[in-house]
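Overview (structure and organization)
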Amino acid sequence: MKKKLYNSPWSLEFNTAALVLIPAAVGINYLGKLFAGVLKLPLWMDSIGTCLAACLAGPVVGAICGAINNIIYGLTMSPISMVYAFSQAGIGIVVGLMAYYGRMNKIGGAVATGILAGLAAVSISTPLNIAFWGGTTGNLWGDAVYALSLAKDLPVWLASLLDEIVVDLPDKIVTVIIVMGMYRGMPKSLQSLYQSNGKIESLD
Amino acid sequence: MKSISLYEEKNSTLNHLDSGCKMLYMVAAILVPALIGNKWANVAVIILSVFLLAISKVLRKTVPVLSVSGIVILTIVIIQGMFRAGNTTVVLQLGPAAFYKEGLLYSLGIALNVFNILLAICVLIFTTKPSDMVENFIEKGFSPRLGYVFISIFQIIPQMMETMNTITDAQRSRGMETEGSLLVRIKAFLPLISPVVMSSLVDTKERAIALEVRGFNAKTKKTFLNERKVTTTDKIINLLLIAAVLASVAWRVKLWLG
Amino acid sequence: MARIEVNHLKYRYPHTENLALDGVSFQIEPGEFIGIIGKNGSGKSTLCQAFTGLIPNFYRGAYGGNVKIGEINVRDVEVDELCQKVGIVFQNPFNQITGSKLTVYDEIAFGLENLGLSRKEMIRRIDDALEQLDITRFRDRNPFDLSGGQMQRMAIASIIAMNPEIIILDEPTSQLDPQGSEEVFKAVQRLSQKGITIIMVEHKMEKIAAYSDRVMLLDEGKMIDFDTPQKIFSRDDLLEHGVLPPAFTRIGRGLDRKNAATGEYPVTLKEAKEALEGMAV
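Residues numbered from 1 in each chain as written. Chains lettered and ligands numbered in written order. Predicted model: local features only at pLDDT ≥ 70, side-chain atom pairs only at ≥ 80, totals over all residues.

Some details on the overall build of chain C
Here is the rule: Put simply, DSSP marks the helices as runs of H or I at least four residues long and the strands as runs of E at least two long, and each gets a number from the N terminus on. For this measure, only C-alpha atoms enter the radius of gyration; the expected value for a globule follows 2.2 Å times N^0.38, where N is the number of residues. A residue is called partly exposed when the number of other C-beta atoms within 10 Å of its own lies between 12 and 20, exposed at 12 or fewer, and buried at 20 or more, with C-beta atoms placed from the backbone.
In terms of regular secondary structure, chain C is built from eleven helices and ten strands. A compact globule built from 281 residues should have a C-alpha radius of gyration of about 19 Å, and chain C, at 20 Å, falls within 12% of that. Principal axes of the C-alpha set define a box for chain C whose edges measure 65 × 45 × 30 Å. By the burial criterion, 53% of the 281 residues in chain C qualify as buried.

Structure (structure tokens):
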């Protein structure tokens, strides 16, 4: 058996606990979205699980959570959301890496992580928005920005980029800050559960 | 138990068709019009998908799915119809709002494309059990561990929804406000979601153990209790679909060369 | 059949200070029914999981000594190799459901599919397990729609179908109502009669006394005693170890009625009756 003290952030081997974390994370995403709907928050809040899984089990698991999350949305609610699997996977990778390098322990690091995750989502989603919807996002505020930009004769890609920034960036920053709070408050034993290569010390 | 899966057992022809067949249909239905690059090809495939959904008695179920995207498409029609660069020909004037032919045609293209993709996916997911799809993938070499993840989500999410209802009721009865100003509502969010998050993380430990003691990580090749039957009809349909994709690739290549 | 041998077993969970198991040694013969008792945190669950290899292979942490199942040293094999020899059932039936199967029948098949059994063999074993646990009539139900007792019996059936020689039950009835508990105990007793080694952690001392060939008393990770139920429950220091003896033993002790031949207090209804007969009214 291989024995390493820490997982490499890119390790493709993950233990059963990390694997079972994926459906739980997708469920948490789902609930976040639902609660945000119930409370009529102007944010999506649909990536809490993905970010949490990325912190606990690394960027690869984070990316898988993100991708599977949207595939499941696609199969259960709106099929078109499947294409945004790539954006969600991007969020998982960014948050996982930042957590691996210890940035998810302080509020400053969390804000930076949120901005980076938001930018990752924006840069992946914008081309998809343009390809599928001609550049809009379906969000009222974002699309108002889009319409305004087009009216001011800005090019489509820029209008779409602004639209997406308005929609995604604040959401990701708030999400990551919430996740940081939960992650810091978690017992150590829970955190170590998802790291597959913990060493077994000898007591003999 | 309430299921989140869109699949419904209707004992229809498509229910009995092999899942591989329907997956291939979805791919072909999306690829062929994209390759041919003609609106009428889109229309033709849409009609075919609607026909398939109708004989499977699930056409009504497409309404909610389509209406979610329908709202987005409506905003596209409005925004592109009014503001698209290159809009010159006014076709409709509603007070101060002018709709242009170019923008409307452009958004019609998007709408046809989106509806085609949606309906093709619907044909697959309304008539196929999710576990059949995943098992089919596993037989073809997809990781059984990831396969488990997909299947279990369909059971775990309804479980979590039940937990969520319990929590919402409990918090409400403690007088938590779920209405009011934005600040009040943001404050309400955390106590609602935190308990579910914690309990579902703790559950992952027990579930992981339960899987391990049932040979989840065994290296032997997995077998399946439920037999998958690929009939001659399935094979013929597969061949026809592949032929359709190849033909449209050939058409595309011919267009490029000519 | 496999004999269990535990030598100087020590274990500490990751990120903790104290040893959960501290130098435990004993042997268990094939076919025995063993009860494990002790207060919360005495190491009962840890010991249970050490038989299956979950400790240390799942939890990691620090480990010393060894556990041998027949010729196999638990430390050296993966959990999935051992699960065909040692099965384990936990207290929460809900979290033992895999969540990937829509019927009881398919749920029981989960482990067998992983082991790569033929379809014919799977059907034979599942039918047999359903029969043994008396849940054949629920075979087409959704696993989540069962009652607690039915769910727990399904969990046991899922383990039985894998044909283990040893079954560990870690407080299998603590989350069940009295009727559900009774169903589970009956099922466990039937398995024991078939010659399977049973190791059960349980707080209902009357049940431990009635079923066990031997009882192990644990406290703070150490094995205090491992003997017949009569000997264990006749100990004077049981309360100090956080264990309340069965009601029959307490009655015997209160009335100072011992079994004349052995000098031990009664532990079951039958024994209590015998000890009390002859008492002047």
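Here's the deal with the overall build of chain A
Put simply, the rule is: In this description, a residue-residue contact is defined by the distance between C-beta atoms placed from the backbone, which must lie within 7 Å.
Assigned secondary structure in chain A consists of eight helices and one strand. Ordering the α and β elements of chain A from the N terminus gives α-α-α-α-α-α-α-α-β. Taking 2.2 N^0.38 as the reference for a compact globule, 204 residues should give roughly 17 Å; the C-alpha atoms of chain A span a radius of gyration of 18 Å, in line with that estimate. Dimensions of chain A along its principal axes, counting C-alpha atoms only, are 75 × 35 × 30 Å. Considering chain A as a whole, with its 204 residues, one finds that 57% of them fall into the buried category. A fraction of 67% describes how many contacts in chain A between residues 6 or more apart in sequence connect residues 24 or more apart.

Side note on the pairing of strand β1 (residues 4–12) of chain C
Along a regular strand, successive side chains alternate from one face of the sheet to the other. The cut-off we apply is this: Only when DSSP finds a minimum of two bridges between them are two strands counted as paired.
Direction of pairing for β1 of chain C relative to strand β2 (residues 21–28) of chain C: antiparallel, over a ladder of six bridges. Along β2 of chain C, the bridge assignment pairs E5 of chain C with Q27 of chain C.

Quick word on the interface of chain B and chain A
Let me state the cut-off plainly: Throughout, the ten residues Ala, Val, Leu, Ile, Met, Phe, Trp, Tyr, Cys and Pro are labelled nonpolar, Asp, Glu, Lys and Arg are labelled charged, and all others, Gly among them, are labelled polar.
Taken together, the contact between chain B and chain A spans 53 residues of the former and 45 residues of the latter. Those elements giving two or more residues to the side of chain B that touches chain A turn out to be α4 (62–83), α5 (101–127), α7 (144–173) and α8 (182–212) of chain B. For the side of chain B that touches chain A, the leading source of residues is α8 of chain B, giving 18 residues. Its residues assigned to classes, the side of chain B that touches chain A comprises 37 nonpolar, eleven polar and five charged.

Some details on the packing of helix α10 (residues 247–255) of chain C against helix α11 (residues 269–276) of chain C
All names here are of chain C. Cut-off, in case you're wondering: Lines fitted to C-alpha atoms define the axes, with helix axes restricted to the stretch in contact, and inter-axis angles between N-to-C directions lie between 0 and 180 degrees. If an angle is under 35 degrees, it is roughly parallel; if it is over 145, roughly antiparallel; if it lies from 65 to 115, roughly perpendicular; otherwise it is oblique. Handedness of a crossing follows from how the near helix is turned relative to the far one, being left-handed for an anticlockwise turn of less than a right angle and right-handed for a clockwise one.
Taken N-terminus to C-terminus, the directions of α10 and α11 make an angle of 15°; their axes are 9 Å apart at the nearest point. One way to sum up the angle between α10 and α11 is to call them roughly parallel. In this structure, α10 crosses over α11, and the sense of that crossing is left-handed. Here α10 contributes F248, I251 and G252 to the contact with α11, which in turn contributes L269, E271, A272 and A275. Considered class by class, the residues forming the contact of α10 with α11 number five nonpolar, one polar and one charged.

Digging into the sheet that holds strand β10 (residues 222–227) of chain C
Paired through their backbone hydrogen bonds, the strands of a sheet run either parallel or antiparallel. All names here are of chain C. Ordered in space as β6-β7-β8-β3-β9-β10, the six strands form an open sheet in which the pairing is mixed. For this open sheet the edge positions go to β6 (86–89) and β10, each flanked by a neighbour on one side alone. This sheet shows a mean twist of 15° between the axes of neighbouring strands, independent of strand direction. Summarising the sheet, strand β3 (residues 33–37) and strand β9 (residues 214–219) pair through four bridges and their orientation is parallel. Note on β9: the bridge partner recorded for I37 is L217.

Examining the confidence of the model for chain A
Quick note on the threshold: Predictor confidence is given residue by residue as pLDDT, running from a minimum of 0 to a maximum of 100.
Of the residues in chain A, 96% reach a pLDDT of 70 or more, and the chain-wide mean stands at 88. Segment residues 1–6 of chain A is flagged for pLDDT under 50; beyond a separation of four residues in sequence, or across chains, it makes five contacts in the model.

Examining the environment of N129 of chain A
Residues and elements named next belong to chain A. For N129, the location among the structural elements is in helix α5 (residues 107–133). The class for N129 is buried, based on 26 C-beta atoms found within 10 Å. Once residues within four sequence positions are removed from consideration, N129 is found in contact with G135, T136, T137, S160 and E164.

A short note on helix α3 (residues 59–76) of chain A
Rules: A helix's residues, less one, multiplied by 1.5 Å, set its expected span.
Its 18 residues give α3 of chain A an end-to-end C-alpha distance of 25 Å, which sits within 8% of 26 Å, the value for a rise of 1.5 Å per residue. Most of α3 of chain A is tucked away, with 16 of its 18 residues classed as buried.

Section: the pairing of strand β8 (residues 197–201) of chain C
All names here are of chain C. To keep it simple, the criterion reads: We call a crossover right-handed when, viewed with the strands running away from us, the connection from the first strand over the helix to the second turns clockwise.
Among the five residues in β8, five count as buried, and that is most of the element. Neither face of β8 is left uncovered, since the one carrying T197, I199 and V201 and the one carrying I198 and M200 both have all their residues buried. Bridge analysis of strand β7 (residues 166–170) against β8 gives five bridges, and the strand direction is parallel. Residue pairing across strands places D170 opposite V201, the latter belonging to β8. Crossover handedness for the path β7 to helix α7 (residues 178–193) to β8: right-handed.

Points about the environment of Y63 of chain C
Checked against the element boundaries, Y63 of chain C lands in strand β4 (residues 61–69). The buried category is assigned to Y63 of chain C, around which 24 C-beta atoms lie within 10 Å.

Considerations on the interface of chain C and chain B
With 32 residues of chain C in contact, the opposing surface of chain B contributes 26 residues. Looking at the side of chain C that touches chain B, the elements that each hand over two or more residues are α3 (79–82), β6, α4 (104–114) and α5 (119–132) of chain C.

Here we look at the environment of M161 of chain B
With respect to the secondary-structure elements, M161 of chain B resides in helix α7. With 58 residues separating them along the chain, M161 of chain B and G103 of chain B place their C-alpha atoms 42 Å apart.

Some thoughts on the nonpolar core
Rules: Buried Ala, Val, Leu, Ile, Met, Phe, Trp, Tyr and Cys residues whose C-beta atoms connect them within 7 Å together make up a nonpolar core. Each domain's limits were defined by an automated method or a database of domain assignments.
In this structure, L21, I22, L52 and V61 of chain A are the most contacted members of the largest nonpolar core, which totals 214 residues. Per-element tally for this core: the top contributor is helix α1 (residues 16–38) of chain A, with 14 residues. A domain-level breakdown of this core finds at least three residues from each of domain 1 (13–128 + 228–257) and domain 2 (143–212) of chain B. Once residues within four sequence positions are removed from consideration, V61 of chain A is found in contact with F14, A18, L21, I22, A53 and A54 of chain A.

Looking at the packing of helix α2 (residues 19–36) of chain B against helix α9 (residues 232–257) of chain B
All names here are of chain B. In the contact formed by α2 and α9, the axes pass within 9 Å of each other and the chain directions differ by 15°. When the interaxial angle is binned, α2 and α9 end up roughly parallel. Regarding α2 and α9, the two cross each other, and that crossing is left-handed. Contacts between α2 and α9 involve C21, L24, Y25, A28, L31, V32, L35 and I36 from the first element and D234, I237, N238, L241, A244, V245, S248, V249, W251 and R252 from the second. Among the residues making up the contact of α2 with α9, the classes are represented as 14 nonpolar, two polar and two charged.

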